[in-house]
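Chain and residue survey
Okay, here's what each chain looks like letter by letter:
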Amino acid sequence: MDATKHRSLHETSVEQFQRAAQLIDLPAHHRAILSEPQNEVIVNFPVRLDTGTWRMFRGYRIQHSSTLGPYKGGLRFHPDVDLDEVKALAAWMTFKTALVGIPYGGAKGGVTINPKNYSEGELERIVRRFTAALGSNIGPNHDIPAPDVGTNAQMMDWIMDTYATIAGPTNRQVVRGVVTGKSIAVGGSAGREAATGQGVLYALRHWCGETGTRLDSLRVGVQGFGNVGSHFARLAAEAGCAVTHVADHTATLTNPKGLDIDAMRAYSSENGGIKGFPDATEIDTEDLFSAEVDVFVPAALENQLVKERCEALKCQIVLEAANGPTTPEGELVLARRGIDVVPDIMANAGGVVVSYFEWLQNKSHEIWSESQVDEKLRDVMWAAMDKLLAARKTYGCSRRDAAYVVALTRLSDTYDARGIWP
Ligand code: GLU
């Protein structure tokens, strides 16, 4: 294993943008501003458990930048959530929204828990109490959370309901956009649930166009079968790819002819994981990384592609559906081996783009169809991929550095235009 486990994720995120900052000669004060979040909100709050006892929980909301618009980003419920991780994830949101050109800043939040250990009722009380504890630190024109690892549409509905109730009767309707990724019934958008996976597929289609590769000739391996991985796998299979390998926290499965992803999604939601899914062979977890696939899609957590795994990969391209899945050491190996990487802030931007569409619909009281949403998403992803490629050509750099060049240029131009006061 490489040294990443001991390195701060926030430091990694700073190093990533500093490389591109160097390329474009970003002024030192812009670098300094972007190296730290604007606000770090930490709340500790009590919640009553089903046993009748009370437990304290710690929640975070890190607001990295509001230079381009309201803070925006998901809420993660996971036992590994800590300040360092959330700071990195918040910074990546700033660069993601800047890269794809939507009027948002970046933020991230979370609670340090394993949601699987709590009942539905306990989760509802945790979410509502966390929302109350955050108070005016979130708001539809200020900071807009969304789902991430371990959170879902139901939790977003509870946040919206809690916030709207506290806002009072005259404001109740105009604050719906305090959170995105809600269920359709309470103001969510068609296409939001599948949006990140859909965006990953658009990134792959764009890469196919650039490299003259046929999408339906590709064998795909996916690490992670949550919201992002499972929707991506389904859409890739529908587009003609053979999804030959899928891994989740319960098992790593393969079928050289391609796994039946629709059946696997149904199986996984019934059984809490893919282990035991028929018509597939279970292999060792580590064997996923040496699988004979053309496309490898990490769609789980950060720091998965450590250098040994990057040495083992047989794919042509890594599509980073997760945030921060490749370690800095791993990235050097991929570069040396000529494996293409579409970076996280580009590949997984579909989620926040459709969050933006949800927010626009909430503001204008419109309801867009799924095909409208998908078409607009495609346009945004395509334009950003085009910009990324142009920057790559200009600077002769990696796709990750090119993505940061586009994002930093937009941020820097805004700092210049607005000035820094006083
Ligand atoms: N959590 C997702 C991400 O990492 C979506 C954020 C959002 O929709 O605000 O991009």
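The structure contained in this document is the topic of the report that follows. Given the structure is predicted, the values throughout are model-derived calculations rather than measurements.

A word on the overall build of the protein chain
Across its full length, the protein chain carries 14 helices and twelve strands. Here the C-alpha radius of gyration of the protein chain, 21 Å, is about what a compact globule of 422 residues would show, namely 22 Å. In terms of overall dimensions, the protein chain has a C-alpha envelope of 55 × 55 × 45 Å along the principal axes. The 422 residues of the protein chain split such that 58% are buried. Intrachain contacts of the protein chain at a sequence separation of at least 6 include 68% that bridge at least 24 residues. Positive and negative side-chain charges in the protein chain, numbering 43 and 51 respectively, have mean positions lying 3 Å apart.

What to know about the site of the ligand
Among the 14 residues in the neighbourhood of the ligand, the closest are listed as Lys-72, Lys-96, Lys-108, Asp-148 and Ser-355. The contact in question runs from a nitrogen atom of the ligand to an N or O atom on the backbone of Pro-147, over 3.0 Å. With respect to the ligand, the side chain of Asp-148 contributes an N or O atom lying 2.8 Å from a nitrogen atom. Contact with the protein chains hides 95% of the accessible area of the ligand, taken as 300 Å² for the molecule alone. Of all the secondary-structure elements, those providing two or more residues to the shell around the ligand are strand E3 (71–77), helix H3 (83–100), strand E5 (143–147) and helix H12 (350–364).

Side note on the packing of helix H6 (residues 195–211) against helix H13 (residues 370–395)
Interaxial distance between H6 and H13 falls to 10 Å at its minimum, and their mutual angle equals 45 degrees. In this view, H6 runs oblique relative to H13, as classed from their interaxial angle. For the crossing formed where H6 meets H13, the hand is right-handed. Facing Ala-195, Gln-198, Gly-199, Tyr-202, Ala-203, Arg-205, His-206, Trp-207 and Glu-210 of H6, the residues of H13 in contact are Asp-374, Leu-377, Arg-378, Met-381, Trp-382, Met-385, Asp-386, Leu-389 and Arg-392. Among the residues forming the contact of H6 with H13, the class breakdown is nine nonpolar, three polar and six charged.

Focus on the side chain of His-206
Here His-206 is to be found in helix H6. Overall, the relative accessible area of 6% leaves His-206 in the buried class. Other than its neighbours up to four places away in sequence, His-206 contacts Trp-382, Met-385, Asp-386 and Leu-389.

Considering the packing of helix H1 (residues 9–24) against H3
Orientation of H1 relative to H3, taken along the N-to-C sense of each, is 25 degrees, at an axis distance of 7 Å. Of the possible angle classes, the one that applies to H1 and H3 is roughly parallel. Across the interface between the two elements, Leu-9, His-10, Ser-13, Gln-16 and Phe-17 of H1 pack against Asp-84, Glu-85, Lys-87, Ala-88, Ala-91, Trp-92 and Phe-95 of H3.

Focus on the pattern of salt bridges
Per the stated rule, a full pass over the model turns up 26 salt bridges. The partner of Lys-182 in a salt bridge is Glu-358, and the shortest N-O contact between them spans 2.8 Å. Residue Lys-182 is found in the loop between helix H5 (153–167) and H6, and its partner Glu-358 is found in helix H12; the two are separated by 176 residues along the sequence. Relative accessible area serves as the criterion here: at 0%, Glu-358 is assigned to the buried category.

Section: the environment of Arg-129
As for its position among the elements, Arg-129 is in helix H4 (residues 120–134). Along the chain, Arg-129 and Gly-59 lie 70 residues apart, while their C-alpha atoms are 10 Å from each other.

Overview of the sheet that holds strand E11 (residues 317–319)
If you trace the seven strands from one edge of the open sheet to the other, you get E9-E8-E7-E6-E10-E11-E12, paired in mixed fashion. Sheet topology places strand E9 (281–283) and strand E12 (340–342) at the edges, where each strand pairs with a single neighbour. Between one strand axis and the next, the sheet turns by 25 degrees as a mean value, whatever way the strands run. With three bridges joining them, strand E7 (residues 242–247) and strand E8 (residues 252–254) adopt antiparallel strand pairing. The partner of Val-246 across the bridge, within E8, is Leu-253.

Description of the pairing of E5
Counting buried residues in E5 gives four out of five residues, a clear majority hidden from the surface. Here E3 runs beside E5; their pairing, made up of five bridges, is parallel. When the bridges of E5 are listed, Tyr-71 appears paired with Asp-143.

What counts and what doesn't
Residues numbered from 1 in each chain as written. Predicted model: local features only at pLDDT ≥ 70, side-chain atom pairs only at ≥ 80, totals over all residues. Heavy atoms only, no water. Helix = DSSP H or I, 4+ residues; strand = E, 2+ residues; numbered from the N terminus. Rg over C-alpha atoms; globule rule 2.2 N^0.38 Å. Buried < 20%, exposed > 50% of the residue type's maximum accessible area, 1.4 Å probe, protein only. Contact = heavy atoms within 4.5 Å. Lys, Arg positive; Asp, Glu negative; His and termini not counted. Charge placed at Lys NZ, Arg CZ, Asp CG, Glu CD. Near = heavy atom within 4 Å. Polar contact = N/O pair within 3.5 Å; in protein donor to acceptor, adjacent residues only side chain to side chain. Areas by Shrake-Rupley, 256 points an atom, 1.4 Å probe, with all protein chains shown as cover. Axes fitted to C-alpha atoms, helices over the stretch in contact; angles between N-to-C directions. Parallel < 35°, antiparallel > 145°, perpendicular 65-115°, else oblique. Left-handed = near helix turned anticlockwise from the far one by under 90°. Nonpolar A, V, L, I, M, F, W, Y, C, P; charged D, E, K, R; others polar. Salt bridge = Lys/Arg side-chain N within 4 Å of Asp/Glu carboxyl O. Pairing = 2+ DSSP bridges.

Such coordinate-based values are descriptive only and should not be taken to indicate function.
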